[in-house]
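Tertiary structure, described
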Amino acid sequence: MKLKHYLPLYLLSLSFFWLSCGDDPITNTDPTITTTLGINDTIKAIANQGAVIKISGIKGSAELNSLEILENDVAAAAGRVGFKGSAVGANPIVLLTNDRQGFNAEIRLKTLYADTVTKLTIVLNAADGRSVNISRWVKAVKTNPIISYTESNPVNAATPGADHNFRLSVSAGSAPITKLLVKENGVIITDISRLRFDTLNFLSNPFIFPLTQESFTSKKITVRMPTTPGKWDYSFTFTDSLGGSSIQNVTAYVGTKLDISRSGVLSNAADAAAGGLDLDAAVSVPSVSDEAEIVDEGIDPALPVASNWKQKFKPASGAEMRWVVQSININDIFVKEQILTYWNLGTAIPNGTPNKVLTGDTFVVFKNDRYYFIQVSKVTPSAADNADKIEIGIKW
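Residues numbered from 1 in each chain as written. Predicted model: local features only at pLDDT ≥ 70, side-chain atom pairs only at ≥ 80, totals over all residues. Heavy atoms only, no water.

1. Overview of the overall build of the chain
How we decide: Secondary structure is summarised from DSSP: a helix means a run of H or I of at least four residues, a strand means a run of E of at least two, and numbering begins at the N terminus for each. The globule rule is 2.2 Å times the number of residues to the power 0.38, and the radius of gyration it is compared with is taken over C-alpha atoms. For every residue, the accessible area (1.4 Å probe, protein chains only) is compared with the maximum for its type, and the residue is labelled buried under 20%, exposed over 50%, or partly exposed between those bounds. Note on contacts: a residue pair qualifies if any of its non-hydrogen atoms lie within 4.5 Å across the two residues. Accessible surface is estimated by sampling points in the Shrake-Rupley manner with a 1.4 Å probe; for residues, cover comes only from the protein chains shown. We count Lys and Arg on the positive side and Asp and Glu on the negative side, and we leave His and both chain ends out. Here the site of a charge means NZ on Lys, CZ on Arg, CG on Asp, or CD on Glu.
Looking only at helices and strands, the chain has 2 helices and 32 strands in total. The C-alpha atoms of the chain give a radius of gyration of 41 Å, which is well past the 21 Å a tight globule of 396 residues would have. On the principal axes, the C-alpha backbone points of the chain span a range of 155 × 60 × 30 Å. Evaluated residue by residue, the chain yields a buried proportion of 42% over its 396 residues. For the chain, the proportion of contacts with a sequence separation of at least 24, taken over those separated by at least 6, is 63%. In the structure as shown, the chain presents an accessible area of about 21,200 Å², 52% of it carried by carbon and sulfur atoms. Taking the average location of the 37 positive side-chain charges in the chain and that of its 38 negative ones, the two points are 9 Å from each other.

Here it is, written out as structure tokens:
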């Protein structure tokens, strides 16, 4: 046999086999950053606080090496950067051993104290020199302290000369809260013995917080009320360390709480069964009833039915009435002392209203040691019959 002719071909085939059994070519891959924020999403932040983005870093061919935080394409100062809830010593941030294989992290960049829109860029670098980055816009807004007051406003019937507690909750905006200023009727309260914050006495007004406050919930601001009854306006101004401030205004009516706030109907006295009004119960009574405080003056029989109603009323037997000429809305009467004030300011009308009563006309009636504040809310003449009536708001 002539095997020597086949030997070169055999050796060539064997060399191809050895080549085909060698290592596969190496393909290098980039690292990857992912975030739940969409590419068109904007990070909303409070100025001088933190803009936050959560990311995942995934290694490619090589271990991860570092992370760099850029603001408007410039490396942010390390003191403004947080990684995984902690401050960093340098930017770029050198990743520790565990994080080099991949990580999930919250990135925080402290925003500047300004209303701004900036670009936040995160660059992830691998040990082989490869890198990847993502960018998102950050909108920062200067924010003053945020005040929550959930109690009644106005305060109804605060006791004259006694301490009253105003409860407020306050959260810091762009900066911690440092002081509180209290005013009464637009004037700074200089008698600081009247003021306390929670358990602390005011040493000055404004009150300087011993420690800056990020927030507090339902704290008492105690103000000793004036001894003079009436309407008193209070303002509470909270100021932060950067000069931002917010005001909460509260009105307090100092005096004795009202017993009754109702509406009643005074009917034409041509109907003898309903020509009076019992102001205690706000119900119609006969004009001759001992329960009546005011009575309708009825009709002028010399006039046609369509226009014979006098549209006037007078105090009932044993009652006195005064006309209040000052402009006042019955909704602004909160305490009994206000009623007495308007009685003292009123004009006596022992014979009743001199003119036809109109909507808004206001009177104070006195009977059996009780003062009644009344205001006409609606007048309804009836041209066809004697069903004329006056609707009256009543407080006492």
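2. Let's talk about the sheet that holds strand β25 (residues 283-285)
Let me state the cut-off plainly: What makes two strands pair is DSSP finding at least two bridges between them. Angles shown run from 0 to 180 degrees and are taken between the N-to-C directions of axes, each axis being a line fitted to C-alpha atoms and, for helices, limited to the stretch in contact.
One open sheet accounts for 4 strands, arranged β25-β24-β26-β27; its pairing is antiparallel. Looking at which strands have only one partner, the edges of the open sheet turn out to be β25 and β27 (313-315). Pairs of neighbouring strands in the sheet enclose a mean axial angle of 35°, with direction left out of account.

3. Let's talk about empty space enclosed by the protein
As a reminder, the rule being used: We place a 1 Å grid over just the protein atoms. Points where a 1.4 Å probe fits but has no way out form a cavity, open points with protein on both sides within 12 Å along at least 5 of 7 lines form a pocket, and any residue with an atom within 4 Å of a point lines it. Grid points are joined across faces, edges and corners, and a volume is the space filled by probe spheres set on the points. Classification used: nonpolar for Ala, Val, Leu, Ile, Met, Phe, Trp, Tyr, Cys and Pro, charged for Asp, Glu, Lys and Arg, polar for all others including Gly.
This structure, assessed with the given rule, holds 1 cavity of 30 Å³ or more. In this structure, the largest cavity encloses a volume near 40 Å³. In terms of lining residues, the largest cavity is bounded by Glu-71, Arg-80, Thr-111, Leu-112, Thr-116, Thr-118, Val-138 and Ala-140. Broken down by secondary-structure element, the contributors of at least two residues to the lining of the largest cavity are β10 (116-126) and β11 (131-141). In terms of residue class, the lining of the largest cavity is built from 3 nonpolar, 3 polar and 2 charged.

4. Digging into the layout of surface pockets
One number sums up the size of the largest pocket: a volume of about 160 Å³. Residue lining of the largest pocket: 13 residues in total, with Arg-80, Val-81, Gly-82, Ser-86 and Arg-108 positioned closest to the centre. The set of elements that each furnish at least two residues to the lining of the largest pocket consists of β6 (81-83), β7 (86-87) and β9 (102-110). Residue composition of the lining of the largest pocket, grouped by class: 3 nonpolar, 6 polar and 4 charged.

5. Points about the nonpolar core
For clarity, the threshold we go by: Take the buried Ala, Val, Leu, Ile, Met, Phe, Trp, Tyr and Cys residues and link them wherever side-chain atoms come within 4.5 Å; each set so joined is a nonpolar core.
In this structure, Phe-166, Leu-180, Val-182, Val-223, Tyr-234, Phe-236 and Phe-238 are the most contacted members of the largest nonpolar core, which totals 28 residues. Sorting the residues of this core by element identifies β13 (155-158), β14 (163-171), β15 (177-184), β17 (195-197), β19 (207-213), β20 (215-224), β21 (230-240) and β22 (245-254) as the ones contributing at least two each. Ranked by residue count, the leading element in this core is β21, at 4 residues. Setting aside residues no more than four positions away along its own chain, Val-182 makes contact with Val-187, Ile-188, Ile-189, Leu-195, Phe-202, Asn-205, Ile-221, Val-223, Ser-235 and Phe-236.

6. Here we look at the side chain of Gln-338
Rules: Counted as a polar contact is a pair of N or O atoms within 3.5 Å, where, for protein atoms, one must be capable of donating a hydrogen and the other of accepting one, and residues adjacent in sequence contribute only when both atoms are in side chains.
If you trace the backbone, Gln-338 turns up in helix α2 (residues 336-345). Gln-338 gets classed as buried once you look at its relative accessible area, which sits at 11%. At 2.5 Å, the side chain of Gln-338 forms a polar contact with the backbone nitrogen of Phe-334.

7. A closer look at the pattern of salt bridges
Applicable threshold: A pair is scored as a salt bridge if a Lys or Arg side-chain nitrogen falls within 4 Å of a carboxyl oxygen belonging to Asp or Glu.
Scanning the entire structure with this criterion turns up 11 salt bridges. With a closest N to O distance of 2.6 Å, Glu-184 and Arg-194 form a salt bridge. With a gap of 10 residues between them, Glu-184 in strand β15 and Arg-194 in the loop between β16 (187-188) and β17 connect regions that are remote in the sequence. Residue class for Glu-184 comes out buried when judged on its relative accessible area of 13%. Salt bridges here are not isolated pairs; linked through shared partners, they connect Asp-30, Asp-128 and Arg-130.

8. Quick word on the sheet that holds strand β23 (residues 261-267)
The strand order β23-β32-β31-β30-β28-β29 describes an open sheet built from 6 strands, whose pairing is antiparallel. Each edge of the open sheet is held by one strand with a lone partner, namely β23 and β29 (347-348). When strand β31 (residues 370-380) meets strand β32 (residues 389-395), the two strands line up antiparallel, connected through 7 bridges. Bridge pairing in β32 links Thr-380 to Lys-389. Of the strands in this sheet, β28 (320-324), β29, β30 (362-367), β31 and β32 touch α2, which is tilted by about 80° from β31.

9. Remarks on the packing of aromatic side chains
Inclusion rule: When the centres of two rings from Phe, Tyr and Trp lie within 6.5 Å, Trp using its six-membered ring, the rings pair. Their planes under 30 degrees apart give stacked, over 60 give edge-to-face, and anything left gives tilted.
All told, the structure shown has 17 aromatic pairs when counted by the stated rule. Between Phe-166 and Tyr-234 the ring centres are 5.6 Å apart and the planes differ by 45°, which places this aromatic pair in the tilted class. Taken together, the positions of Phe-166 in strand β14 and Tyr-234 in strand β21 put the pair 68 residues apart, joining distant regions of the chain. The same class applies to Phe-166 as to Tyr-234, namely buried. Look at Phe-197 and Phe-216: their rings are 5.3 Å apart centre to centre, the planes differ by 75°, and that puts the pair in the edge-to-face class. A residue pair is termed long-range when its members are at least 10 positions apart, and Phe-197 in strand β17 and Phe-216 in strand β20 qualify at 19 residues. Judged by its relative accessible area of 6%, Phe-197 falls in the buried class.

10. What about the confidence of the model for the chain?
The test is simple: How sure the predictor is of each residue is captured by pLDDT, a score from 0 to 100.
Scored by pLDDT, the chain comes out at a mean of 93, with 93% of its residues at no less than 70. Here residues 14-21 scores under 50 on pLDDT; set against residues more than four positions off or in separate chains, the count is 0 contacts.

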